[in-house]
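What follows is the residue order along each chain.
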Amino acid sequence: MLNFLSRKDVRKILKRKDSDAGERGRALENLRASLFNELRSSEGAKRQQQRICGPSVALTFNFLVSIAIILMNKVVLGEVGFNFPICLTFIHYVISWLFMAILNAFSILPASPSTKSRFSTLVALGFVMSFSTGLANVSLKYNSVGFYQMAKIAVTPSIVLAEFILIGKRVSYLKVFTLAVVSVGVAVATVSDLQFHFFGACVALAWIIPSATNKILWSNLQQQENWTALAATSAITHVVLGQFKTCVILLGGFFLFGSNPGVVSICGAITALAGMSVYTYLNALSSQSTQQLKTSPKQSKSKLNKEGDDSDQNKNYGEESV
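These numbers come from a predicted model, not from an experiment. (Residues numbered from 1 in each chain as written. Predicted model: local features only at pLDDT ≥ 70, side-chain atom pairs only at ≥ 80, totals over all residues. Heavy atoms only, no water.)

K.L.:
Describe a nonpolar patch on the surface, with residues and values.
P.N.:
A cluster of nonpolar side chains, contributed by Phe90, Ile91, Val94, Ile95, Trp97, Leu98, Phe99, Ile102 and Phe106, occupies part of the molecular surface with about 970 Å² of accessible area. Secondary-structure assignment places Ile91 in helix α5 (residues 85-105). Classification of Ile91 as partly exposed rests on a relative accessible area of 36%. (Patch = residues over 30% accessible without salt bridge, like charges linked within 9 Å, V, L, I, M, F, W, Y side chains within 5 Å. Areas by Shrake-Rupley, 256 points an atom, 1.4 Å probe, with all protein chains shown as cover. Salt bridge = Lys/Arg side-chain N within 4 Å of Asp/Glu carboxyl O. Helix = DSSP H or I, 4+ residues; strand = E, 2+ residues; numbered from the N terminus. Buried < 20%, exposed > 50% of the residue type's maximum accessible area, 1.4 Å probe, protein only.)

In structure tokens, the structure reads:
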């Protein structure tokens, strides 16, 4: 038996089997590593997210959860009598963190990218975001759902005005006109609200400033760091969904809490929604033209390179034929 195992051909066979097993083990290890890297990368996590949560599922989930949060907050703060809106905000953030941790555990979220921003900038963004959310819940406690939603719509004109004053950013006259219509509609809807509360109105006005600051800071950091929210949909679809949520929230406040804003307030809300729809359409047109301007030089450059390659090939072909 020992002589048989010590034969040269038998040793070669056993050695080949060991090497084959090692190669299979290395192949499995490489496959496992590649799958892990695929899940942890940004694109891999995006594909995993799209497989699990398609556009229709994401839009439906966003629609239902956003409306449920606002209406349930109003129930807790108004009907139940929970008089701690800041504590309610803390509960929201804790639950959001838990869900994000679960999604991260299942590799649906990508790994956090390296950031070039200073730590103080990120802390300032987190503080402003938390402060605006807390004020929003305080506003929801003292105001009707319709008043609260109209104050949210007033954030967009405030952002445009703040960017014009602080950094000199200009917009077209047509956009200014539409934002003026939005502002008039919001003013009419809020002032003529039959459930107007002076302290609640002051809180809503105070909430607009940190909310606009939050959106400006987030937009700037998103452009600087090339962050992405992994949207499955276009900007127009997302904003149209937001307008639809506003209408449903206003109707929910009327049917669930008996809020009676009045005919004038309803007309103002419709005017504000129409102005926001036109403003969104104009923004979509400008963004599409900007994208076309950015991609056209690349396309022309690639076309020139292709033509140059074709001419080189024709030149080489001519030389070879001669």
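Back to the text.
K.L.:
Please give an account of the pattern of salt bridges that cites residues and values.
P.N.:
Evaluated as defined, the whole model comprises 1 salt bridge. Notably, a salt bridge pairs Lys169 with Glu163, separated by 3.6 Å at the nearest N-O pair. Judged by relative accessible area, Lys169 falls into the partly exposed class, the value being 45%. We classify Glu163 as buried; its relative accessible area is 16%.

K.L.:
So what about the packing of α5 against helix α6 (residues 119-142)? Which residues, and what values?
P.N.:
Working note: a packed helix pair is described by the angle between its axes plus the distance between those axes. At their nearest, the axes of α5 and α6 sit 8 Å apart, and the two run at 130° to each other. The pairing of α5 with α6 is recorded here as oblique in orientation. Here α5 runs over α6; the crossing is right-handed. Residue-level inspection shows Pro85, Ile86, Leu88, Thr89, His92 and Tyr93 of α5 in contact with α6, the latter providing Met129, Ser130, Thr133, Gly134, Asn137, Val138 and Lys141. Taken together, the residues of the contact of α5 with α6 break down into 6 nonpolar, 6 polar and 1 charged. (Axes fitted to C-alpha atoms, helices over the stretch in contact; angles between N-to-C directions. Parallel < 35°, antiparallel > 145°, perpendicular 65-115°, else oblique. Left-handed = near helix turned anticlockwise from the far one by under 90°. Contact = heavy atoms within 4.5 Å. Nonpolar A, V, L, I, M, F, W, Y, C, P; charged D, E, K, R; others polar.)

K.L.:
Explain the nonpolar core to me, and be specific about the residues and the numbers.
P.N.:
Among the nonpolar cores identified, the biggest contains 34 residues, and Ile70, Val145, Met150, Ile153, Val186 and Trp207 are the most heavily contacted of them. Once you skip the residues sitting within four places of it in the chain, Val186 turns out to touch Met150, Ile153, Ala154, Gly268 and Ala272. (Core = buried A, V, L, I, M, F, W, Y, C linked by side-chain atoms within 4.5 Å.)

K.L.:
Please set out the UniProt feature "transmembrane region" (unreviewed entry) in the protein residue by residue, giving values where relevant.
P.N.:
With numbering matched to this structure, UniProt assigns "transmembrane region" (unreviewed entry) to residues 56-76, 82-107, 119-140, 146-166, 173-192, 198-218, 230-257 and 263-282. Each end of residues 173-192 is marked by a C-alpha atom, and these two atoms are 28 Å apart; helix forms 95% of the span and strand 0%. (UniProt positions renumbered as here; feature names shortened; annotations may be inferred.)

K.L.:
So what about the packing of aromatic side chains? Which residues, and what values?
P.N.:
Tallied over the entire structure, the rule returns 6 aromatic pairs. Arranged with centres 6.1 Å apart and planes meeting at 5°, the rings of Phe127 and Phe131 form a pair that is stacked. Residue Phe127 and its partner Phe131 are located together in helix α6, separated by 4 residues, close to a single helical turn. Judged by relative accessible area, which is 43%, Phe131 ranks as partly exposed. Taking the centre distance of 5.0 Å and the plane angle of 85° together, the rings of Tyr142 and Phe199 count as edge-to-face. Taken together, the residues span a long stretch of sequence, with Tyr142 in helix α6 and Phe199 in helix α10 (residues 198-225) at a distance of 57 residues. A relative accessible area of 34% places Tyr142 in the partly exposed class. Taking the relative accessible area as the measure of exposure, Phe199 reaches 42% and is therefore partly exposed. (Phe/Tyr/Trp six-rings, centres within 6.5 Å; stacked < 30°, edge-to-face > 60°.)

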